[in-house]
Amino acid sequence: MASKPRVKVPKKAAAGDIITIKTLISHAMESGQRKGKDGNLIPRKIINKFTADFNGTTVFSADLEPGIAANPFIEFNVKVMESGTFNFVWLDDDGTQYSSSNEIAVE
Amino acid sequence: MNISRRKVLALGAGLGAVVLTGFKANIAFADEAKTQAAIDAFANGATVESGKITLTAPEIAENGNTVPISIEVESPMTADDYVQSVMILAEGNPNPGVATLHFTPMSGVAAATTRMRLAKTQNVIAIAKMSDGSVVMDKKLVKVTIGGCGG
């Protein structure tokens, strides 16, 4: 159900810049509160953790709960001092990991 | 047996009340006690102060399924003085927890935006923990036209 995540990272920045990163992943974020057509609760299935690593160090992470809307969108900032690679990981309740890598050139 | 009309009415009203309270308990939306417990656990004994943190949310959310919210905490974000984490709570949702965001000195600024669900008109709370253990909180009332928790 979940498709390829969409991530927006600036291609380049100056050293010391605070850049804004936007991430979005298609996911139903089934809260576990809804009832299906048969009247039974639909089991919970959400992305429960999001992590952003830069050159191997975690720079931002979030624990998500069912109160987050479907297709979770997260916007945050990172101060970049050097060129490198961002690695974003979304962890599903069922153990599946979705990830995305984005490079940034810092001058 | 002589059951008067009055007695029957009284009995009916009593039953109605029982059914109503039972129903309320069934829905079990997060009450303030549950929210307070979450705040206390997060604060870890520190006094919760106001200021420094800004929670931005729409005054009226037409659709409770996706409500954009932003948080920003004033902090130098250096290695010795930064915002560790920000917890977002919704008092009137079935579960008060929405998300906990973890920042690092590399975040530059302690700000983030996401989209949340709101079951009904309620207070949204953002509470931040600094690296020195102090805790600040902001609260906003969001009016919801269509609830977003299904059911």
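A brief structural summary.

Reading guide: rules and limits
Residues numbered from 1 in each chain as written. Chains lettered and ligands numbered in written order. Predicted model: local features only at pLDDT ≥ 70, side-chain atom pairs only at ≥ 80, totals over all residues. Heavy atoms only, no water. Helix = DSSP H or I, 4+ residues; strand = E, 2+ residues; numbered from the N terminus. Contact = heavy atoms within 4.5 Å. Areas by Shrake-Rupley, 256 points an atom, 1.4 Å probe, with all protein chains shown as cover. Buried < 20%, exposed > 50% of the residue type's maximum accessible area, 1.4 Å probe, protein only. Lys, Arg positive; Asp, Glu negative; His and termini not counted. Charge placed at Lys NZ, Arg CZ, Asp CG, Glu CD. Salt bridge = Lys/Arg side-chain N within 4 Å of Asp/Glu carboxyl O.

Topic: the overall build of chain B
The secondary structure content of chain B amounts to 2 helices and 9 strands. Walking chain B from its N terminus toward its C terminus, one meets helices and strands in the order α-α-β-β-β-β-β-β-β-β-β. By sequence separation, contacts in chain B at least 24 residues apart represent 66% of the contacts at least 6 residues apart. When the accessible surface of chain B is totalled, it reaches about 8200 Å², and 56% of it is carbon and sulfur.

Examining the overall build of chain A
Broken down by element type, chain A carries 0 helices and 8 strands. In chain A, the order of α-helices and β-strands from amino to carboxyl end is β-β-β-β-β-β-β-β. Structurally, chain A occupies a C-alpha span of about 60 × 20 × 20 Å along its principal axes. Within chain A, the fraction of its 107 residues that count as buried is 44%. For chain A, the proportion of contacts with a sequence separation of at least 24, taken over those separated by at least 6, is 58%. Carbon together with sulfur atoms contributes 47% to the accessible area of chain A, which is approximately 5400 Å² in total. Computed over 13 positive and 13 negative side-chain charges, the separation of the two mean positions in chain A equals 7 Å.

Some remarks on the pattern of salt bridges
Between side chains of opposite charge, a pair can form when the charged atoms approach closely. Using the criterion set out here, one finds 6 salt bridges over all chains in the structure. Of the charged contacts in the structure, one is a salt bridge between A:Arg34 and A:Glu30, with a shortest N-O distance of 2.8 Å. Taking relative accessible area as the criterion, A:Arg34 reaches 36% and is therefore assigned partly exposed. Here B:Lys139 and B:Glu91 are joined by a salt bridge, their closest N and O atoms 4.0 Å apart.

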